[in-house]
Amino acid sequence: MQTITINVKDEALVDKVLWLLEHFQKDGLEIVSKEDIDDLKLLKATRDEESTSLEKYLKN
């Protein structure tokens, strides 16, 4: 899978670029915002952390 990052400063141009790219979604194009990727990376990093059950957390 190839990853392409597009930086656009003009909000009106963002809408046009997204409109164009959305036409390729049916062909397998996935559109993900950088903010979503950052959130997913943070979430993935927490998967290796030890978890505590809610009952144990409430007792302490």
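This is a predicted model, so every value here is computed, not measured.

1. A closer look at the overall build of the chain
Summing up its helical and strand segments, the chain has three helices and zero strands in all. When the helices and strands of the chain are listed from N to C terminus, the series reads α-α-α. Over its C-alpha atoms the chain spans a radius of gyration of 19 Å, topping by over 25% the 10 Å that the globule rule assigns to 60 residues. Seen through its C-alpha atoms, the chain measures out along the principal axes to roughly 55 × 25 × 15 Å. For the chain, the residues scored as buried account for 0% of the 60 residues in total.

2. Here's the deal with the confidence of the model for the chain
When pLDDT is averaged along the chain, the result is 85, and 100% of the positions lie at 70 or above. Model confidence for the chain, summarised as mean pLDDT per element, is weakest for helix 2 (residues 34-46) at 77 and strongest for helix 1 (residues 11-22) at 94.

3. Digging into the environment of Ser51
Along the chain, Ser51 turns up in the loop between helix 2 and helix 3 (54-59). Judged by its relative accessible area of 66%, Ser51 falls in the exposed class. Once the C-alpha coordinates of Ser51 and Ile31 are considered, the two residues, 20 residues apart in sequence, prove to be 32 Å apart.

Criteria and thresholds
All residue numbers refer to position in the chain's written sequence, counted from 1. pLDDT decides what is reported in this predicted model: residues at 70 or higher carry local features, side-chain atom pairs at 80 or more are listed and counted, and totals for whole chains, interfaces and linings draw on all residues regardless. The basis for the side-chain values is all heavy atoms of the structure; hydrogens and waters are excluded. Only DSSP runs of H or I with at least four residues qualify as helices, and only runs of E with at least two residues qualify as strands; both kinds are numbered from the N terminus onward. This radius of gyration counts C-alpha atoms alone. The globule rule is 2.2 Å times how many residues there are, raised to the power 0.38. Here's how the labels work: a residue is buried when its accessible area is under 20% of the maximum for its type, exposed when over 50%, partly exposed in between, all with a 1.4 Å probe on protein chains only. Confidence per residue, as judged by the predictor, is encoded in pLDDT with a range of 0 to 100.

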